[in-house]
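Here is how the chains run, residue by residue.
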Amino acid sequence: MTAQQLVRRWAWVGTFVIGGGLYLLVLAVLTDTGNPNLFPTMILLGALVVPLTFVMFAAGRSGRWLIDGPTLGGALLFGGVVGVVVAGLLEYDAMRKLGALPMLGVGLIEEAAKLVVPAILVLFFGHRYRRSIGSGIVIGVAVGTGFAVLETMGYAFVALLQSGGNVGAAEQSLFIRGLLSPAGHASWTGITCWGLWRFAVAPTGKRFLGFLGAYAVAVALHTTWDGIGGKLTYAIVGAISIGLLLTGLRHAQRADNALPA
């Protein structure tokens, strides 16, 4: 393994240490000074550090082709924003027409909304991204991470308002949701994109059914997570989600490395 590959493989450690250090620094200054101008920075870092670490972890195990920074950042930012906006609009319309939206409906809508940007990359930039299944999985992880980060920031901000500006309430929300996000949205979108990229690389009816199956699995995991809840559910669903994602990355790595350079 070359030095560049080693750096890439272990970049997640540096991401976590630096990001965590910055978050603790901002939190310490905010606690000491009570300066409300630091609230947005605290919420952003608190929501971002663990999910971004997971993206870097996945990227270091994606295969031979390294995803460039702009693609990874764009997937995280635009995929997250587009996913949140599309999901919010569809969920609002569905709730207005159907009343209380069941958890299955939430899972169906959100997992589909997070596929908008990956689908655009496959359809319109396929010559660049269609070759590597591992890259597709990491793009999915990045999109799911962006979605999770924006959701976490929203929940933390609401917790801050409802508690009358209590930093501890927002910090608790950031810690719990940030810690769980890799086992949730990031993994679910990565699993779905595993199926999508397998189909995009070699389009067959069997692989299209595989993509639909991956989407169904992501929706089932999402629905179970939201519908049942609780520590045991989170532990079981999280272990299955991350396990499936890592399995996909291992298979993709072997497939990518078998291709001619």
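No experiment lies behind these values; they were computed from the predicted model shown.

Quick look at the environment of Pro118 now. Relative to the elements of secondary structure, Pro118 occurs in helix H6 (residues 116–124). As a C-alpha pair, Pro118 and Gly136 span 18 residues in sequence and 7.9 Å in three-dimensional space. Setting aside residues no more than four positions away along its own chain, Pro118 makes contact with Val143, Cys193, Leu196 and Trp197.

For any two helices packed against each other, the geometry comes down to the angle between their axes and how far apart the axes lie. For the pair H6 and helix H10 (residues 185–201), interaxial distance at closest approach is 11 Å and the crossing angle is 10°. Regarding the angle of H6 to H10, the classification is roughly parallel. Residues Pro118, Ala119 and Val122 of H6 form the contact with H10, whose participating residues are Cys193, Leu196, Trp197 and Ala200. The class makeup of the residues in the contact of H6 with H10 is seven nonpolar, no polar and no charged.

Below, the discussion takes up the nonpolar core. Among the nonpolar cores identified, the biggest contains 30 residues, and Ile137, Val138, Ile139, Val141 and Trp197 are the most heavily contacted of them. The element that contributes the greatest number of residues to this core is helix H8 (residues 133–162), accounting for seven residues. Setting aside residues no more than four positions away along its own chain, Val141 makes contact with Phe54, Val55, Ala58, Ala186, Gly190 and Leu245. Formed by 15 residues, the second largest nonpolar core is a distinct cluster that contains Tyr23, Phe39, Val167 and Ala170.

Before going further, it helps to examine a nonpolar patch on the surface. There is a patch of nonpolar side chains on the surface, built from Leu77, Phe78, Val81, Val84, Val85 and Leu150 and spanning about 510 Å² of accessible area. The element that contributes the greatest number of residues to the nonpolar patch is helix H4 (residues 69–98), accounting for five residues. The residue Leu77 is located in helix H4 in this model. Note on Leu77: relative accessible area 49%, which makes it partly exposed.

Before going further, it helps to examine H8. Taking 1.5 Å per residue as the helical rise, H8 with its 30 residues ought to reach 44 Å, and the 43 Å between its terminal C-alpha atoms agrees with that figure. A large share of H8 lies buried, amounting to 22 of its 30 residues. Positive phi appears at Gly164, one or two residues downstream of H8, with a value of about 75°.

Rules behind the numbers
- Residues numbered from 1 in each chain as written.
- Predicted model: local features only at pLDDT ≥ 70, side-chain atom pairs only at ≥ 80, totals over all residues.
- Heavy atoms only, no water.
- Helix = DSSP H or I, 4+ residues; strand = E, 2+ residues; numbered from the N terminus.
- Contact = heavy atoms within 4.5 Å.
- Axes fitted to C-alpha atoms, helices over the stretch in contact; angles between N-to-C directions.
- Parallel < 35°, antiparallel > 145°, perpendicular 65-115°, else oblique.
- Nonpolar A, V, L, I, M, F, W, Y, C, P; charged D, E, K, R; others polar.
- Core = buried A, V, L, I, M, F, W, Y, C linked by side-chain atoms within 4.5 Å.
- Buried < 20%, exposed > 50% of the residue type's maximum accessible area, 1.4 Å probe, protein only.
- Patch = residues over 30% accessible without salt bridge, like charges linked within 9 Å, V, L, I, M, F, W, Y side chains within 5 Å.
- Areas by Shrake-Rupley, 256 points an atom, 1.4 Å probe, with all protein chains shown as cover.
- Salt bridge = Lys/Arg side-chain N within 4 Å of Asp/Glu carboxyl O.
- Expected span 1.5 Å × (residues − 1).

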